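Residue-level listing of the chains:
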Amino acid sequence: MEAVVCTKLGDPSLPLTDQDAPIIVSSSHPIPPLTSATSVRVRVVATSLNFANYLQILGKYQEKLPLPFVPGSDYSGIVDAVGDSVNSFKVGDRVCSLADVGSFAEFIVTDQKNLFLVPDGCDLVAAGALPVAFGTSHVALVHRAQLKAGQVLLVLGAAGGVGLSAIQIGKVCGAVVIAVARGTEKLQFLKSMGVDHVVDSSKESVIDSVKSFLKTRKLAGVDVLYDPVGGKLTKESMKVLNWGAHILIIGFASGEVPVVPANIALVKNWTVHGLYWGSHRIHRPHVLIDSLNELLQWLSKGVISVNISHSYPLSKANLAFATLKDRKVLGKVMLVMGASPKAKL
Ligand SMILES: NC(=O)c1ccc[n+]([C@@H]2O[C@H](COP(=O)([O-])OP(=O)(O)OC[C@H]3O[C@@H](n4cnc5c(N)ncnc54)[C@H](OP(=O)(O)O)[C@@H]3O)[C@@H](O)[C@H]2O)c1
């Protein structure tokens, strides 16, 4: 089968012909066999690129993987084979899931307990983009911060994978949503998603823009900060937080881990949530399962949508990584089996 294989650490956006390229695209990787009576083999239809996949290949992710490995975490596809004791799925079912590794390939094997049935009405490619991005934002905003209607939500990196999902879930919760992103195209798109206020971080001060918006709406401050970026933007955003605000630490796309001063958190009664979504599989599996099932229902009913700005075949995985690295993604970049390279903004 075809699979992307990481053979050494490095920049996965390098041309595949470059001698320093850390990934190769193999056309003769072995098809994984079923590994237990409850295992299921899925023919992958689509798999999403997450920032974590990029960091893993760079060797900068919190969990280090032994080389060589097939990268890839969330995916959707069709059940291809089932073990003797599988009772929840049958060959031909439409499913989606998340894995530690291995979805940048034509086939993947997992246990039935890790799979989710994709309801009728859900686009299968969109379902492959749902678990990590929307799952993270749903657990963060709904389960942890318990975002309420009328509260003010500030989303950094708002046009990226997790950011755009946070925007949508914020609107579903009835929050007043402020989005921070760079560039006219991203801002226009965010406005079209019903965002209440947008800030172009490449052109204006986040504090000034947010403060003037809050004043116009007679709002005191931000109740929930959703932060997948870190660095300078986090520091600035803390200046517009309300008494009792929730800070959701999601990631550090800027490369800089921010400092949240404990003295100010004390005085302002802030709650700081560290959120590592994937670890809920081990520590709170029911939270993750309930969350993903609710999201799949929302997707099937059109309550949320997945914006896929770029899709590539496995053989062009380096271009998909370049799109992510160059901050061109609006929502998600996908690897779609048999796809021709496509950009839709
Ligand atoms: N905690 C968890 O469980 C969890 C789950 C998923 C993702 N994450 C983390 O969340 C972060 C975002 O992930 P994602 O998949 O949404 O990535 P993404 O789609 O690439 O989005 C990241 C966004 O961050 C902004 N950004 C600001 N500074 C940047 C920089 N120096 N380099 C790249 N982007 C920068 C970009 O927006 P502008 O260009 O508009 O500024 C971009 O849209 C990553 O750190 C990831 O590891 C964490």
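Since the structure is predicted, the reported quantities are computational estimates derived from the model, not experimental observations. (Residues numbered from 1 in each chain as written. Predicted model: local features only at pLDDT ≥ 70, side-chain atom pairs only at ≥ 80, totals over all residues.)

Trainee: Provide a residue-level description of the site of the ligand, including the pertinent values.
Mentor: Close contacts around the ligand come from 30 residues, with Gly-157, Gly-160, Gly-161, Gly-251 and Trp-277 the closest. Here the shell around the ligand gets 3 residues from one element, more than from any other, and that element is helix α3 (residues 161-172). In terms of residue class, the shell around the ligand is built from 16 nonpolar, 11 polar and 3 charged. Both domains that furnish three or more residues to the shell around the ligand are identified here as domain 1 (3-117 + 307-343) and domain 2 (133-278). (Near = placed C-beta within 6 Å. Helix = DSSP H or I, 4+ residues; strand = E, 2+ residues; numbered from the N terminus. Nonpolar A, V, L, I, M, F, W, Y, C, P; charged D, E, K, R; others polar. Domains from an automatic or database assignment.)

Trainee: Account for the UniProt feature "domain: Enoyl reductase (ER)" (unreviewed entry) in the protein, naming residues and giving values.
Mentor: With numbering aligned to this structure, UniProt lists the feature "domain: Enoyl reductase (ER)" (unreviewed entry) at residues 17-335. Across residues 17-335, the secondary structure splits into 33% helix and 24% strand, with the terminal C-alpha atoms separated by 19 Å. (UniProt positions renumbered as here; feature names shortened; annotations may be inferred.)

Trainee: Which residues make up the nonpolar core, and what values do they have?
Mentor: What tends to happen in soluble globular proteins is that the nonpolar side chains get buried as a cluster. Counting 109 residues, the largest nonpolar core has Val-155, Ala-179 and Tyr-226 as its most contacted members. The leading source of residues in this core is helix α2 (residues 124-144), at 11 residues. When residues of this core are assigned to domains, at least three fall in each of domain 1 (3-117 + 307-343) and domain 2 (133-278). When near neighbours in sequence (up to four residues on either side) are disregarded, Ala-179 contacts Val-155, Ala-158, Ile-167, Leu-190, Val-195 and Val-198. (Core = buried A, V, L, I, M, F, W, Y, C linked by C-beta atoms within 7 Å. Buried ≥ 20, exposed ≤ 12 C-beta atoms within 10 Å, placed from the backbone. Contact = placed C-beta atoms within 7 Å.)

Trainee: Lay out the domain arrangement of the protein in plain terms, naming residues and giving numbers.
Mentor: Each assigned domain of the protein is listed here: domain 1 (3-117 + 307-343) and domain 2 (133-278). If you average the C-alpha positions of domain 1 and of domain 2, the two centres end up 29 Å apart. Each partner contributes residues to the interface: domain 1 has 8 residues there, and domain 2 has 10 residues. In terms of residue class, the side of domain 1 that touches domain 2 is made up of 3 nonpolar, 3 polar and 2 charged.

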